[in-house]
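Architecture and fold: a report
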Amino acid sequence: MRILGIDPGSRITGYGMIDTSSGFARDFVSCGIIKPSTGLTLQDRLKELYDGIGEVVAKYDPDCAAIEDVFVSRNPGSALKLGQARGVLMLAVKHFNLVLYEFPAKVVKQAVAGYGQADKPQIQQAVKLLLQLDRVPGEDASDGLAVAICCANHMINFHSRSRISE
């Protein structure tokens, strides 16, 4: 199964793509960022995010997607922009008829680093180790990969519980 993980942001959105099998194997496919052009209005940045994630989906053809949930911010304006970016990214994914899962940041951090308060460098190192990468991906791309890994872990746990109850 191919999973797209998305770390939403109105200025930079990170994404990561992994392949999984029935076991715990995680194979790196791709990661990167979608960074709208500077100087754009919010509406135009949102359009570039929509188009950018659409290009990623079209290129790598994932089976499902997962997105990090919005966290509470001290700055209401920033939280609102993040929510708008997240909504646009969710719409873009649904445009391709993908099942979309949502995970809080603490759950993602726990799934990848074993600690719900892990900082960015800890997430980067954990992603590098889990996917056996040669180098540490950038912060936003690592966060996208972490969301994909979290989704894969939850899918395995769900399927394992389903088999046990049968």
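Counting restarts for each chain, with residues numbered from 1 along the sequence as it is written. In keeping with the predicted nature of the model, local features appear solely for residues at pLDDT of at least 70, side-chain atom pairs appear and are counted solely at 80 or more, and the whole-chain, interface and lining totals rest on all residues. For the side-chain quantities, the full set of heavy atoms in the structure was used; hydrogens and water were omitted.

**Regarding the overall build of the chain**
A run of H or I in DSSP counts as a helix once it spans at least four residues, and a run of E counts as a strand once it spans at least two, with each numbered from the N terminus. A count of helices and strands for the chain gives 5 helices and 5 strands. Shown N-terminal to C-terminal, the secondary structure of the chain runs as helices and strands in the order β-β-β-α-β-α-β-α-α-α. Here the chain holds 166 residues, and the buried ones make up 44% of them. Residues count as neighbours in contact if any of their non-hydrogen atoms are within 4.5 Å of one another. Intrachain contacts of the chain at a sequence separation of at least 6 include 59% that bridge at least 24 residues. Working note: accessible area of the chain is about 9,000 Å², and carbon and sulfur atoms make up 53% of it. Any residue under 20% of the maximum accessible area for its type is buried, any over 50% is exposed, and the rest in between are partly exposed; the area is computed with a 1.4 Å probe on protein chains only. Values of accessible area rely on a 1.4 Å probe in the Shrake-Rupley scheme; residue burial ignores everything except the protein chains shown.

**Section: the nonpolar core**
Throughout, nonpolar core names a set of buried Ala, Val, Leu, Ile, Met, Phe, Trp, Tyr and Cys residues whose side chains join them through atoms within 4.5 Å. With 22 residues, the main nonpolar core has Ile3, Ile18, Val127, Leu131 and Cys151 as its most contacted residues. Broken down by secondary-structure element, the contributors of at least two residues to this core are strand S4 (64-68), helix H3 (105-113), helix H4 (120-130) and helix H5 (139-165). In terms of residue count, the dominant contributor to this core is H5 (9 residues). In contact with Cys151, not counting residues within four places along its chain, are Ile3, Cys64, Ala66, Tyr101 and Phe103. Among the nonpolar cores identified, the runner-up in size contains 21 residues, and Met17, Val56, Tyr60 and Ala65 belong to it.

**What about the pairing of S4?**
By the criterion of burial, S4 is predominantly enclosed, with 5 of the 5 residues buried. Neither face of S4 is exposed, since Cys64, Ala66 and Glu68 on one face and Ala65 and Ile67 on the opposite face are all buried. Pairing of strand S1 (residues 2-7) with S4 involves 4 bridges; the strand directions are parallel. If you follow Leu4 over to S4, its bridge partner there is Ala65. We treat two strands as partners when DSSP finds at least two bridges between them.

**Quick word on the pattern of salt bridges**
The term salt bridge refers to a pairing of a side-chain nitrogen on Lys or Arg with a carboxyl oxygen on Asp or Glu at a separation within 4 Å. One pass over the full model with this rule turns up 5 salt bridges. Put simply, Arg86 and Glu102 hold a salt bridge, and the shortest N to O gap is 2.5 Å. Of the two residues, Arg86 is situated in helix H2 (residues 76-95) and Glu102 in strand S5 (residues 99-103); the sequence distance between them amounts to 16 residues. By relative accessible area, Arg86 is classed as buried at 8%. Of the charged contacts in the structure, one is a salt bridge between Lys120 and Asp143, with a shortest N-O distance of 2.3 Å. Here Lys120 is found in helix H4, whereas its partner Asp143 is found in helix H5, with 23 residues between them in sequence. Given a relative accessible area of 33%, Lys120 falls into the partly exposed group.

**Quick word on the sheet that holds strand S3 (residues 26-34)**
The mixed open sheet is built from 5 strands, whose spatial order is S3-S2-S1-S4-S5. Only two strands of the sheet have a single partner each, and these edge strands are S3 and S5. Here the strands of the sheet are splayed against their neighbours by 20° on average, with no regard to which way each runs. Both strand S2 (residues 13-20) and S3 contribute to a ladder of 8 bridges, which runs antiparallel. Note on S3: the bridge partner recorded for Thr13 is Ile34. Sheet contacts for H2: S1, S2, S4 and S5; angle to S5, the most-contacted strand, approximately 150°. Axes here mean lines fitted to C-alpha atoms, for a helix over just the part in contact, with angles spanning 0 to 180 degrees between N-to-C directions.

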